[in-house]
Amino acid sequence: MILPNFALRSALVVALVTALPANAAPTLVSQRSTPELSLPAQLQLADTTVERYQLLPKDEDFVYDFSKNPDLPFANRKSFPALTGYGTSFSLSALPACSMSFVHLHPRATELFALTSGRVLTEMVPEGNILDSDKKQRVIRTELHPGMMTIFPAGSFHTQVNPDCEPANFTAALTAEDFGISLVADQTFSFTDDVIARTFGQSISGKDIDRVKDAIPGATLIRVEECLSKCGIQKRQV
Ligand SMILES: *[C@@H]1O[C@H](CO)[C@@H](O)[C@H](O)[C@H]1NC(C)=O
């Protein structure tokens, strides 16, 4: 660009010089007015760890109280911003009596699942090409008692069953701040009918597909009927 005269050039220099301080020393995210940014977002944007700690000035910022969040048994990046950037999240919860978690997987996290009370049966189907001695897909089944733990690698299909009349308390540590959950049946049956029919070797089609779709609970927890009657628990009590 050729500037027509000196006056204009000087004006440009002045403009550049006034713009410079902002470029040279950007304000820390903790000192900017950023009401539109959530705390986890600010923590992610912080230039240094020193600045991250300035965003969490209170000791209580480092405590997540599960007892005060019974409806949210997950400490993740959103509910517990202090863990932003460390690639983990944690759950402290209970599997109700006679319940089963729907077959699911976590797309971004490996889960360490440990029992503190009760009894839980788990099944886990790892990725393809992992075969048992009969050359069939390997299925890993465990029976956990208090003080025992199992691992569900990221992407593995898994489920937990509490077959007893008491709740089973557990903790779960996950290797992602936003672990995510996919419900295997619910999501498989979201494909178009043609795809579903081919996927299941044409053993199911048309009305049957609708029937199966309607029957899939779509919830993360389901009740185990035989157990409910064994324990004399009404379905709505659980
Ligand atoms: C299970 O957890 C609940 C809630 O934290 C607690 O009140 C209860 O005592 C625990 N049960 C056992 C057997 O540890």
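Residues numbered from 1 in each chain as written. Predicted model: local features only at pLDDT ≥ 70, side-chain atom pairs only at ≥ 80, totals over all residues.

Trainee: Could you give an account of the overall build of the chain, naming the residues involved and the relevant values?
Mentor: In terms of helices and strands, the chain carries seven helices and 12 strands. Within the chain, buried positions represent 16% of all 238 residues. When contacts within the chain are restricted to residue pairs at least 6 apart in sequence, those whose partners lie at least 24 apart make up 74%. (Helix = DSSP H or I, 4+ residues; strand = E, 2+ residues; numbered from the N terminus. Buried ≥ 20, exposed ≤ 12 C-beta atoms within 10 Å, placed from the backbone. Contact = placed C-beta atoms within 7 Å.)

Trainee: Now, about the environment of His 145: what can you tell me, with residues and values included?
Mentor: Turning to its location among the elements, His 145 is positioned in the loop between strand E7 (140-144) and strand E8 (149-152). C-beta crowding within 10 Å serves as the criterion here: with 11 such atoms nearby, His 145 is assigned to the exposed category. For the pair His 145 and Thr 116, spaced 29 residues apart in sequence, the C-alpha separation works out to 7.6 Å. Sequence-distant contacts of His 145, defined by excluding residues within four places in its chain, comprise Leu 115 and Arg 119.

Trainee: Outline the sheet that holds strand E1 (residues 74-75), supporting the account with residue identities and numerical values.
Mentor: Whenever strands of a sheet pair, they do so through backbone hydrogen bonds, lying parallel or antiparallel. Taken together, the five strands give an open sheet; going across it, the order is E1-E2-E10-E5-E8, and neighbouring strands pair in antiparallel fashion. Of all strands in the sheet, those with a lone pairing partner are E1 and E8, marking the two edges. Of the pairings in the sheet, the one linking strand E2 (residues 89-95) to strand E10 (residues 168-174) comprises seven bridges and is antiparallel in character. By the bridge assignment, Ser 89 is partnered in E10 with Leu 174. (Pairing = 2+ DSSP bridges.)

Trainee: Explain the pairing of strand E6 (residues 120-125) to me, and be specific about the residues and the numbers.
Mentor: Where E6 lies against E7, five bridges are found, and the strand directions are antiparallel. In the strand pairing of E7, Leu 121 is matched with Glu 143. Where E6 and strand E9 (residues 157-162) come together, five bridges link them in antiparallel fashion. Each residue of the ladder has a partner; that of Val 125, found in E9, is Phe 157.

Trainee: Account for the nonpolar core, naming residues and giving values.
Mentor: Core analysis: the largest hydrophobic core is formed by 14 residues, its most contacted members being Val 120, Ala 168 and Phe 170. Those elements that place two or more of their residues in this core are strand E5 (111-115), E6 and E10. If you tally residues by element for this core, the top one is E10, at four residues. (Core = buried A, V, L, I, M, F, W, Y, C linked by C-beta atoms within 7 Å.)

Trainee: How would you explain the environment of Ser 99 if you had to name every residue and give the values?
Mentor: Topologically, Ser 99 is positioned in strand E3 (residues 99-101). Taking the C-alpha atoms as reference, Ser 99 lies 8.4 Å from Gln 160; in sequence the two are 61 residues apart.

Trainee: With reference to specific residues and values, describe the environment of Asp 65.
Mentor: Looking at the secondary structure, you find Asp 65 in the loop between helix H3 (49-54) and E1. C-alpha separation for the pair Asp 65 and Leu 92, spaced 27 residues apart in sequence, amounts to 9.9 Å.

Trainee: Tell me what's going on with unusual backbone geometry, and back it up with residues and numbers.
Mentor: Despite not being glycine, Asn 129 shows a phi value in the positive range, around 70°. Mapped onto the elements of the fold, Asn 129 is located in the loop between E6 and E7. For Asn 129, a count of 7 C-beta atoms within 10 Å corresponds to the exposed category. For Gln 202, which is not a glycine, the phi torsion comes out positive at approximately 60°. Tracing the sequence through the fold places Gln 202 in the loop between helix H5 (193-199) and helix H6 (206-215). The exposed category is assigned to Gln 202, around which 8 C-beta atoms lie within 10 Å.

Trainee: Lay out the pairing of E5 with the relevant residues and their values.
Mentor: On E5, burial follows the alternation: Glu 111, Phe 113 and Leu 115 on one face are buried, whereas Leu 112 and Ala 114 on the facing-out side are not. Bridge analysis of E5 against E8 gives four bridges, and the strand direction is antiparallel. Note that in E8 the partner of Glu 111 across the bridge is Phe 152.

Trainee: Lay out the confidence of the model for the chain with the relevant residues and their values.
Mentor: In this model, the chain carries an average pLDDT of 87, and 84% of its residues clear a pLDDT of 70 or more. The low-confidence segment residues 8-22 (pLDDT under 50) makes two contacts with residues lying over four places distant or belonging to another chain. (pLDDT = per-residue confidence, 0-100.)

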